[in-house]
Amino acid sequence: MTKPSNTALITGASSGIGLELAKIHASKGGDLVLVARSRDKLDALKLALEAAHGISATVIAEDLAEPGAAQRIFEQTQAHGLVIDVLINNAGFGGHGLFHEQRLADAQAMMQVNMAALTELTHAFLKGMVQRQRGRVLNVSSTASFMPGPLQAVYYATKAYVTSFTQAIAEEVAAHGVTATALCPGAVATGFVAAGNLEGVDLWQQAKSAQSVAQCGYDAMQRGELVAFNEGQLRFMLNWIVPLLPRKMVLKMSRRAMEKGKDMPAKRLSGGAR
């Protein structure tokens, strides 16, 4: 009897949570499609995982900030005859500062990566999953998705979209053997901090490891959970405390969590993979 395929496509696979998710999937014998901007990093990861686990990995170097990237990724999987059983939309980036002082082009790129590309990839691969009556989608969101985020206004808003979108499609495809999970971690120790100009924000002093967050998300996806938090305290606070607080109080709390020390230099919004 032929063993069913178990190929996962992971965006932002060259570092951080995406890299750790690739390692986890490969360790379980699953094949991979590795997507990120850096071909050199992806090629090195491909060789390492194939040697360590005897799996097959395909590299696709694309910048999801470019319109059309998602369609090109889909077309390349089709050209290689690859069936995607697991879609992990991990790529994303943030920034820090007052919205009106940031470059609009940077905010637009963030929306393209965090929302548009994620939506396009999900649309492209979900159809096949529904037809085959099996498949899993894991969208890496954030605890930021549960409230507005002064000083990270666009980032928080994009993650609110991701969490809402994921839950909606999960309900739509539930009868077809397909699941969708939103991973909503708190602060994570990755290159996201430097890329998003978040050095000096106290919240990241207690950041969790990318490996622990990836394991949490992967396990939740396998169980078909709707929303996954990597910390029980965050789950309780966001589900049961924050919704009951006055909206202006939530905004003040959210802003204080993102404020820096006065000695930190101000930079424009900048991007980088999660």
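Scroll up for the structure.
Throughout this description, residue numbers start from 1 for each chain and increase along the sequence as written. Thresholds applied to this predicted model are a pLDDT of at least 70 for local features of residues and 80 or more for the giving and counting of side-chain atom pairs; totals over whole chains, interfaces and linings are not thresholded and use all residues. Side-chain numbers come from the whole structure's heavy atoms, not from hydrogens or water.

Novice: Would you explain the packing of aromatic side chains in this entry?
Specialist: Aromatic ring pairs are defined here through the distance separating the ring centres and the angle between the ring planes. Note on ring pairs: Phe, Tyr and Trp rings are taken, using the six-membered ring of Trp, and paired if centres are within 6.5 Å. Classes follow the plane angle, with under 30 degrees stacked, over 60 edge-to-face and the rest tilted. Taken as a whole and judged by the stated rule, the model has four aromatic pairs. On the basis of an interplanar angle of 75° and a centroid distance of 6.3 Å, the ring pair of Tyr-155 and Tyr-156 is categorised as edge-to-face. A simple rule labels every residue: compare its accessible area, found with a 1.4 Å probe on the protein chains alone, to the largest value its type can have, and call it buried under 20%, exposed over 50%, or partly exposed in between. Look at Tyr-155 and you get buried, because its relative accessible area is 4%. Note on Tyr-156: relative accessible area 8%, which makes it buried. Ring plane angle 5° and centroid distance 5.6 Å describe the contact between Tyr-161 and Phe-165, whose orientation is recorded as stacked. Linking Tyr-161 with Phe-165, this pair stays in helix H5 (residues 153-173), spanning four residues, or about one helical turn. Under the relative-accessibility criterion, Phe-165 is labelled buried at 17%. Every helix listed is a DSSP run of H or I at least four residues long, and every strand listed is a run of E at least two residues long, numbered separately from the N terminus.

Novice: Would you mind showing me how to read the packing of helix H1 (residues 16-27) against helix H2 (residues 39-53) here?
Specialist: The axes of two packed helices give the description: the angle between them and the distance between them. All axes are obtained by fitting lines to C-alpha atoms, using only the stretch in contact for helices, and the reported angles, taken between N-to-C directions, cover 0 to 180 degrees. Where H1 contacts H2, the two axes come as close as 10 Å, and the packing angle between them is 25°. The pairing of H1 with H2 is recorded here as roughly parallel in orientation. Classified by chirality, the crossing of H2 by H1 is right-handed. Contact residues: H1 offers Leu-19, Ala-22, Lys-23, Ala-26 and Ser-27, while H2 offers Leu-45, Leu-49 and His-53. A class-by-class count of the residues in the contact of H1 with H2 yields five nonpolar, two polar and one charged. For this classification, under 35 degrees means roughly parallel, over 145 means roughly antiparallel, 65 to 115 means roughly perpendicular, and everything else is oblique. Handedness of a crossing is defined here by the sense of rotation of the near helix relative to the far one, left-handed for an anticlockwise turn of less than a right angle and right-handed for a clockwise turn. What makes two residues a contact is simply this: any of their non-hydrogen atoms within 4.5 Å. Residues are grouped as follows: Ala, Val, Leu, Ile, Met, Phe, Trp, Tyr, Cys and Pro are nonpolar; Asp, Glu, Lys and Arg are charged; all remaining types, including Gly, are polar.

Novice: Explanation requested: the side chain of Thr-58 in the structure shown.
Specialist: On the secondary structure map, Thr-58 appears in strand E3 (residues 57-61). With residues near it in sequence (within four places) discarded, Thr-58 still touches Leu-32, Val-33, Leu-34 and Leu-82.

Novice: Help me understand helix H9 (residues 247-258) in this model?
Specialist: Three- or four-residue spacings in an α-helix give side chains the same orientation, since the helix completes a turn every 3.6 residues. Expected helix span is computed as 1.5 Å times (number of residues minus one). Helix length check: H9, at 12 residues, gives a terminal C-alpha distance of 17 Å against a target of 16 Å (1.5 Å per residue), a fit within 8%. Contact partners of the buried residues in H9: H5.

Novice: It is not clear to me how H1 should be interpreted in this structure. Could you clarify?
Specialist: Compared with the 16 Å implied by 1.5 Å per residue over 12 residues, the 17 Å span of H1 between its first and last C-alpha is a close match. In terms of burial, H1 is a largely internal element, 10 of the 12 residues being buried. Of all the positions in H1, only Gly-16, Ile-17, Gly-18, Leu-19, Glu-20, Leu-21, Ala-22, Ile-24, His-25 and Ala-26 are classed as buried. Positive phi shows up at Gly-29, right after H1, with a value of about 85°.

Novice: Help me understand the sheet that holds strand E4 (residues 86-89), please; the structure alone is not making it clear to me.
Specialist: Strand pairing in a sheet relies on backbone hydrogen bonds. The paired strands run either parallel or antiparallel. When DSSP finds at least two bridges between two strands, those strands are taken to pair. With parallel pairing, the seven strands of this open sheet are ordered in space as E3-E2-E1-E4-E5-E6-E9. Whereas interior strands pair on both sides, the edge strands pair on one side only; in this sheet they are E3 and strand E9 (227-228). Pairing between E4 and strand E5 (residues 135-140): four bridges, direction parallel. When the sheet's bridge partners are listed, Leu-87 is paired in E5 with Val-137. Strand contacts of H5: E5, strand E6 (178-183) and E9, with the helix running at about 160° to E6, the strand carrying the most contacts.

Novice: How should the pairing of strand E1 (residues 7-11) be read in this particular structure?
Specialist: Each regular strand carries side chains that alternate between the two faces of the sheet. Where burial is concerned, most of E1 is hidden: five out of the five residues are buried. By the alternation rule, side chains of E1 split into Thr-7, Leu-9 and Thr-11 and Ala-8 and Ile-10, which are all buried. Pairing of E1 with strand E2 (residues 31-36), which is carried by five bridges, proceeds in the parallel orientation. Within the sheet, the bridge partner assigned to Thr-7 lies in E2 and is Asp-31. In terms of handedness, the path from E1 via H1 over to E2 forms a crossover that is right-handed. The pairing of E1 with E4 spans three bridges and is classified as parallel. From the neighbouring strand, Leu-9 faces E4, where its bridge partner is Leu-87. A right-handed crossover is one whose linking path, passing over the helix from the first strand to the second, runs clockwise when the strands point away from the viewer.

Novice: Which parts of the structure should I look at to understand the nonpolar core?
Specialist: Across soluble globular proteins, nonpolar side chains have a tendency to be buried as a group. Ranked by size, the top nonpolar core spans 43 residues in total, and within it Leu-9, Leu-64, Ile-73, Leu-87, Leu-121, Phe-125 and Leu-126 carry the most contacts. The dominant element in this core, judged by the number of residues it contributes, is helix H4 (residues 104-132), at 10 residues. Setting aside residues up to four positions removed in sequence, Ile-73 forms contacts with Leu-9, Val-35, Ile-60, Glu-62, Leu-64 and Leu-121. Definition of nonpolar core: a set of buried residues of the types Ala, Val, Leu, Ile, Met, Phe, Trp, Tyr and Cys, connected through side-chain atoms within 4.5 Å. Ile-17, Tyr-218, Ala-220 and Ala-228 belong to the second largest nonpolar core, which has 32 residues in total.

Novice: What am I meant to see in the pattern of salt bridges here?
Specialist: Proximity of charged atoms lets side chains of opposite charge pair with each other. The term salt bridge refers to a side-chain nitrogen of Lys or Arg lying within 4 Å of a carboxyl oxygen of Asp or Glu. Under the defined criterion, the tally for this structure stands at eight salt bridges. Close ionic contact of Glu-20 with Lys-23 constitutes a salt bridge, the shortest N to O distance being 3.8 Å. With Glu-20 and Lys-23 both in helix H1 and three residues apart, the pair spans about one turn of that helix. Lys-23 sits in the partly exposed class, given a relative accessible area of 36%. Among the ionic pairs, Arg-223 bridges to Glu-225, the shortest N-O distance being 2.6 Å. Owing to a relative accessible area of 56%, Arg-223 belongs among the exposed residues under this scheme. Glu-225 gets classed as partly exposed once you look at its relative accessible area, which sits at 28%. Via salt bridges that share partners, Glu-62, Glu-66 and Arg-72 belong to a single interconnected network.

Keep in mind these values describe shape, not function.
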